[in-house]
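# Inside the fold
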Amino acid sequence: MPALAEGLTLVDNPSRGRGITASRAFSPGATIAVFSNPSIAIPDSPHLDQTCNLCLAIDTNLSSLKLRACTGCRVVVYCSPACQKADWQRVHKGECKVFKRVRAEGHDFLPTPVRALVQVLLRPEMQAAAAEMEGHVDAFRTAGGKGKAWTDMELQAMAALHYMGREASPRSLGQAVEVLYKLQVNSFNRMDVDIGQTGLFLNPALAMVNHSCVPNAFVQFVGRHAVLHAYREIKEGEEIEISYIDCNLHRAHRQEALKIRYHFNCSCPRCKDDLDVYQVCQRYPHLELNSLSLVPDLQKLRDPSIGQSLHSDSSLQINVEEIYPGCSASLQGLSSTDKIKSLRRRWRACEQLHKARLYAIEPLNQVLVEVAVYFGENGNFEYSLAISCFLALNSDPFRAPMPFAPQRVKGLLMIGKLLANTAPADHVTSEGTTAPLANKISQALSRMDQATTCQVMLALVVHYGPAAHSKEWPIYRQAVELLDDLESLPGRETEHALVTAFMRNPNGPEERRFFETAVLGPIQLLSDFALEVMASELGS
Ligand SMILES: C[S@@+](CC[C@H](N)C(=O)[O-])C[C@H]1O[C@@H](n2cnc3c(N)ncnc32)[C@H](O)[C@@H]1O
């Protein structure tokens with residue numbers, strides 16, 4: 001059985017197998033435990049050449065890492081001789097030979113699950129750990145005996161055995177397929193803020209945490225560590241639950257994703273009563289924590305006064321089902337012209353949701369996010385800013401009711417950066433002309449104290465960053481740097497003192513007034529332009 005950190009107890013539950021309960025209380029945002037020494041922590045194959053194979057430091061454009069390839073296989077890279085040496089002893093000595101065979105046959109690398117399987121097969125202690133893991137192998141075999149999923153697993157198992165130079169007997173193949181399913185059920189996808197999915201992480205103790213679509217905890221990855229954070233208060237004896245998937249997807253999509261990868265039917269309160277994001281938000285405890293956020297009006301979270309409820313309107317539900325597939329495909333790789341064409345089509349498809357003001361519901365939320373990104377990428381920072389402010393007020397808090405939720409903190413940094421990018425000299429659109437609407441937003445901006453609003457955004461990111469992720473989080477680090485720059489600007493001592501006083505005592509009457517004038521008012525004003533931007537650029 002995996003050893004657990006202090007404060008955690010392993011329990012057995014007849015309907016969901018083993019799970020972890022809290023043996024003491026945890027408050028919202030607290031670190032429950034750090035899971036180090038993973039059995040497997042590897043970069044995703046497409047990111048092999050930009051990620052240190054041991055410490056998993058990523059060489060994004062911002063970083064100055066000097067990554068050097070292993071001279072044996074030339075497949076993996078390291079940021080230092082120390083990382084290379086430690087990895088050689090851990091697993092790469094065996095893996096290097098496998099990779100040389102892969103390259104000799106003209107391939108660049110192994111797919112990530114095949115590589116993870118090779119690592120398990122190379123290390124006897126890992127096979128012992130895998131033996132104790134749930135894999136639902138018999139159920140998957142029965143469900144997919146003749147299907148594509150099972151065949152894919154067999155092909156992956158054959159590839160691993162082939163490159164390891166081992167015979168693919170029925171027994172070794174069966175064992176390899178079993179390991180692959182255990183990896184599927186128990187491993188995590190590591191996520192990076194800039195790149196998205198960056199790798200695979202397996203820790204047998206962390207793998208004991210069960211799922212809920214209304215989780216009380218969430219996991220973040222920092223190098224070779226996984227940090228389990230409390231999302232809301234967890235009482236002594238309560239089971240700790242994380243969401244294995246995006247819990248804001250519609251029920252049918254959540255259920256399908258959980259069935260395909262983890263082989264169970266979720267019966268959490270969100271699934272049982274098919275609650276939409278607004279209903280989940282209303283029921284969340286600690287909404288009062290939002291008093292230090294862009295939505296301090298708690299009444300808005302408890303009763304969003306939206307037009308219709310998705311839950312009670314079957315025509316809306318049918319509409320969502322119809323438009324979802326056409327609105328959810330990735331826009332990556334499309335030209336700018338094709339992206340905006342597709343976004344226009346998607347915005348039109350979402351008309352019913354938009355009319356009902358259900359901005360937090362998919363796929364409308366995603367369309368708005370993509371439009372904000374599109375304008376940002378094309379240098380139209382005023383439009384991007386207006387839509388980002390709109391999302392921060394009308395979507396993000398409902399989708400993630402805690403103010404330290406990582407996506408909300410990331411949204412604050414985005415607004416802070418856009419405020420910095422819309423400083424007066426930059427008020428020209430990407431086409432080099434000043435469009436009337438962009439001009440209107442610029443004029444509104446020129447009447448604001450943009451620097452102070454930006455400073456509060458950054459101060460909030462620094463305040464919530466450690467609870468959202470860690471002090472190593474690139475979002476947190478960027479905010480610290482930008483805040484340092486702003487704070488060192490000459491002539492801003494008064495504003496700096498006001499921001500500091502507010503962050504120290506956010507509920508003081510003077511401080512509150514400052515926040516309303518310097519932050520809430522301007523963000524609302526910018527948000528008020530968002531639907532006008534959508535109508536003028538994407539059609540009404
Ligand atoms: C990562 S493991 C979690 C630990 C697992 N319970 C065990 O005993 O090894 C994932 C598996 O746990 C079970 N599980 C997790 N959350 C569940 C839930 N909410 N309801 C039912 N089963 C669940 C499913 O069998 C799933 O495939």
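Located above this text is the structure these notes cover.
Since this is a predicted model, take the numbers as computed values, not measurements. (Residues numbered from 1 in each chain as written. Predicted model: local features only at pLDDT ≥ 70, side-chain atom pairs only at ≥ 80, totals over all residues. Heavy atoms only, no water.)

## Points about helix 7 (residues 251–262)
Its 12 residues place the ends of helix 7 16 Å apart at the C-alpha level, agreeing with the 16 Å of an ideal helix rising 1.5 Å per residue. Buried residues of helix 7: His253, Arg254, Gln255, Leu258 and Tyr262, and no others. Phi turns positive one or two residues past the end of helix 7, at His263, with a value near 55 degrees. (Helix = DSSP H or I, 4+ residues; strand = E, 2+ residues; numbered from the N terminus. Expected span 1.5 Å × (residues − 1). Buried < 20%, exposed > 50% of the residue type's maximum accessible area, 1.4 Å probe, protein only.)

## Structural notes on the site of the ligand
Residues in close proximity to the ligand total 16 residues, the closest being Arg16, Arg18, His136, His211 and Tyr262. His136 places a polar side-chain atom, nitrogen or oxygen, 2.7 Å from an oxygen atom of the ligand. The protein chains hide 93% of the 560 Å² of surface that the ligand would expose on its own. Those elements giving two or more residues to the shell around the ligand turn out to be strand 2 (17–22), helix 6 (170–186) and strand 9 (210–211). Among the residues making up the shell around the ligand, the classes are represented as seven nonpolar, six polar and three charged. Counting only domains with at least three residues in the shell around the ligand, you end up with domain 1 (1–37 + 203–274) and domain 2 (44–53 + 60–190). (Near = heavy atom within 4 Å. Polar contact = N/O pair within 3.5 Å; in protein donor to acceptor, adjacent residues only side chain to side chain. Areas by Shrake-Rupley, 256 points an atom, 1.4 Å probe, with all protein chains shown as cover. Nonpolar A, V, L, I, M, F, W, Y, C, P; charged D, E, K, R; others polar. Domains from an automatic or database assignment.)

## Quick look at the state of the cysteines
Applying the stated criterion to the full structure yields zero disulfides. With no disulfide of its own, Cys350 has Cys327 as its nearest cysteine by sulfur position, at a separation of 4.3 Å. The buried category is assigned to Cys350, whose relative accessible area is 0%. As a non-bridged cysteine, Cys389 has Cys454 as the owner of its nearest cysteine sulfur, 11 Å distant. By relative accessible area, Cys389 is classed as buried at 0%. (Disulfide = S-S within 2.5 Å.)

## A few points about the packing of aromatic side chains
Within the structure shown, the criterion is met by 15 aromatic pairs. Judged by centre distance (5.5 Å) and plane angle (20 degrees), the ring pair of Trp150 and Tyr181 falls under stacked. In this pair, Trp150 is assigned in helix 5 (residues 148–164) and Tyr181 in helix 6, connecting sequence segments 31 residues apart. When sorted by exposure, Trp150 lands in the same class as Tyr181, which is buried. Relative to Phe515, the ring of Phe502 lies with its centre 4.4 Å away and its plane at 15 degrees, an arrangement referred to as stacked. Highlighted residues: Phe502 in helix 21 (residues 493–504) and Phe515 in helix 22 (residues 509–527), separated in sequence by 13 residues. The same class applies to Phe502 as to Phe515, namely buried. Three or more aromatic residues joined by ring pairs form one cluster here, namely Phe218, Tyr231, Tyr284 and Phe404. (Phe/Tyr/Trp six-rings, centres within 6.5 Å; stacked < 30°, edge-to-face > 60°.)

## Some details on the nonpolar core
Of all hydrophobic cores here, the largest spans 145 residues; its most connected members are Ile40, Leu117, Leu294, Leu368, Ile387 and Ile415. In terms of residue count, the dominant contributor to this core is helix 19 (residues 450–468) (10 residues). Not counting residues up to four positions away in its chain, the partners in contact with Ile40 are Ala116, Gln119, Val120, Met126, Leu183, Leu200, Phe201 and Leu202. Counting residues in each nonpolar core, the second largest holds 24 residues, with Ala22, Leu206, Val209 and Ala217 among its members. (Core = buried A, V, L, I, M, F, W, Y, C linked by side-chain atoms within 4.5 Å. Contact = heavy atoms within 4.5 Å.)

## Observations concerning the sheet that holds strand 7 (residues 188–192)
The strand order across the open sheet built from three strands is 4-8-7, with neighbouring strands paired in antiparallel fashion. Only two strands of the sheet have a single neighbouring strand rather than two, namely strand 4 (40–43) and strand 7. Direction aside, the axes of adjacent strands within the sheet are offset by 30 degrees on average. (Pairing = 2+ DSSP bridges. Axes fitted to C-alpha atoms, helices over the stretch in contact; angles between N-to-C directions.)

## Digging into the environment of Leu489
When you line up the elements, Leu489 lands in the loop between helix 20 (474–487) and helix 21. In this structure Leu489 comes out as partly exposed when scored by relative accessible area, which is 43%. Sequence spacing of Leu489 and Val499 is 10 residues, and the spatial spacing of their C-alpha atoms is 14 Å.

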